[in-house]
Amino acid sequence: MSNLPRVCIGLNNPKSPTNVGAVMRAAGCYGADAVHYTGQRYARAAKFHTDTKKAAGKIPLTAVDSLLDQIPEGAALVCVEIVEGATPLPAFEHPERAFYAFGPEDGTLPQAVIDRADAVVYVPTIGCMNLAASVNVLLYDRLAKRGSTPANDALIRQQRDTNNRVKVKTANPS
């Protein structure tokens, strides 16, 4: 079971290639294993390449007919949706293996997906965030709660881009 995916993302009929590109970037930043999407809107607009970190070269981005058919063995289905009865994200404990399903910005997940969910969570905001922002917040929350947020200078040097060479000024001894 250790070779099975830990984190997969499911996008229900995503509205724009910009959002899918930003979701792919988040998947790369937070170590997701795969991204699946349904619907035709992204496929029609995919020629507008928006995966700026080329995460799709490392993380599969797959068109599928049904998100429910993509849930890996042993993974919990976690729907991320603003619906009554959902658990606020700050109170949610992420499962070891999860398939996170997100609805489009201009719609919601199908009732059949919500009905199969092991958990339904929402990000408490004033108004709703866009799809990519929701994915980023959820994946960051998962990482932070699992205590796996390495913060050291070596990691920073590895991750920053070539335009960032600033440093925190050390305090002058008084």
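Up top you'll find the structure we're talking about.
Every value quoted in this text rests on a predicted model; they were computed, and no experiment measured them.

Draft legend 1. Main features of the nonpolar core. Counting residues in hydrophobic clusters, the biggest one holds 27 residues, and the most contacted among them are Ile 9, Leu 11, Val 23, Val 35, Tyr 100, Phe 102 and Leu 138. If we ignore the near neighbours within four places in the chain, the residues touching Leu 138 are Val 80, Leu 89, His 94, Tyr 100, Phe 102 and Val 121. Counting 14 residues, the second largest nonpolar core, distinct from the first, contains Ala 86, Val 113, Ile 114 and Val 120.

Draft legend 2. Quick peek at the packing of helix 1 (residues 17–30) against helix 4 (residues 131–145). Running from N to C, helix 1 and helix 4 cross one another at 10°; their axes reach a closest spacing of 8 Å. The pairing of helix 1 with helix 4 is recorded here as roughly parallel in orientation. Taken together, the residues of helix 4 that come into contact with helix 1 (itself represented by Asn 19, Ala 22, Val 23, Ala 26, Ala 27 and Tyr 30) are Leu 131, Ala 132, Val 135, Asn 136, Leu 139, Tyr 140 and Leu 143.

Draft legend 3. Representation of the side chain of His 36 within the structure. Assignment of secondary structure puts His 36 in strand 2 (residues 34–37). Take His 36: its relative accessible area is 10%, and that puts it in the buried class. When neighbours within four sequence positions are excluded, His 36 is seen to be in contact with Ile 9, Gly 10, Leu 11, Thr 62, Val 64, Leu 67, Gln 70 and Phe 99.

Draft legend 4. Structural detail: the packing of aromatic side chains. Enumeration according to the criterion identifies one aromatic pair in this entry. For the pair Tyr 30 and Tyr 140, a centre-to-centre distance of 6.5 Å together with 70° between the ring planes defines the contact as edge-to-face. Placement of Tyr 30 in helix 1 and of Tyr 140 in helix 4 is noted, with a sequence separation of 110 residues between them.

Draft legend 5. A look at unusual backbone geometry. The backbone of Asn 13 sits at a positive phi, close to 45°, despite the residue not being glycine. Along the polypeptide, Asn 13 turns up in the loop between strand 1 (7–11) and helix 1. Classification of Asn 13 by relative accessible area gives partly exposed; the value is 24%.

Draft legend 6. Here's a closer look at the environment of Ala 86. By the element assignment, Ala 86 lies in the loop between strand 4 (76–80) and strand 5 (87–88). Accessibility expressed as a relative area gives 12% for Ala 86, which makes it buried. For the pair Ala 86 and Ala 119, spaced 33 residues apart in sequence, the C-alpha to C-alpha distance is 7.8 Å. Sequence-distant contacts of Ala 86, that is, excluding residues within four places in its chain, are made with Glu 81, Val 120, Val 121 and Tyr 122.

Cut-off values and rules
- Residues numbered from 1 in each chain as written.
- Predicted model: local features only at pLDDT ≥ 70, side-chain atom pairs only at ≥ 80, totals over all residues.
- Heavy atoms only, no water.
- Core = buried A, V, L, I, M, F, W, Y, C linked by side-chain atoms within 4.5 Å.
- Buried < 20%, exposed > 50% of the residue type's maximum accessible area, 1.4 Å probe, protein only.
- Contact = heavy atoms within 4.5 Å.
- Axes fitted to C-alpha atoms, helices over the stretch in contact; angles between N-to-C directions.
- Helix = DSSP H or I, 4+ residues; strand = E, 2+ residues; numbered from the N terminus.
- Parallel < 35°, antiparallel > 145°, perpendicular 65-115°, else oblique.
- Phe/Tyr/Trp six-rings, centres within 6.5 Å; stacked < 30°, edge-to-face > 60°.

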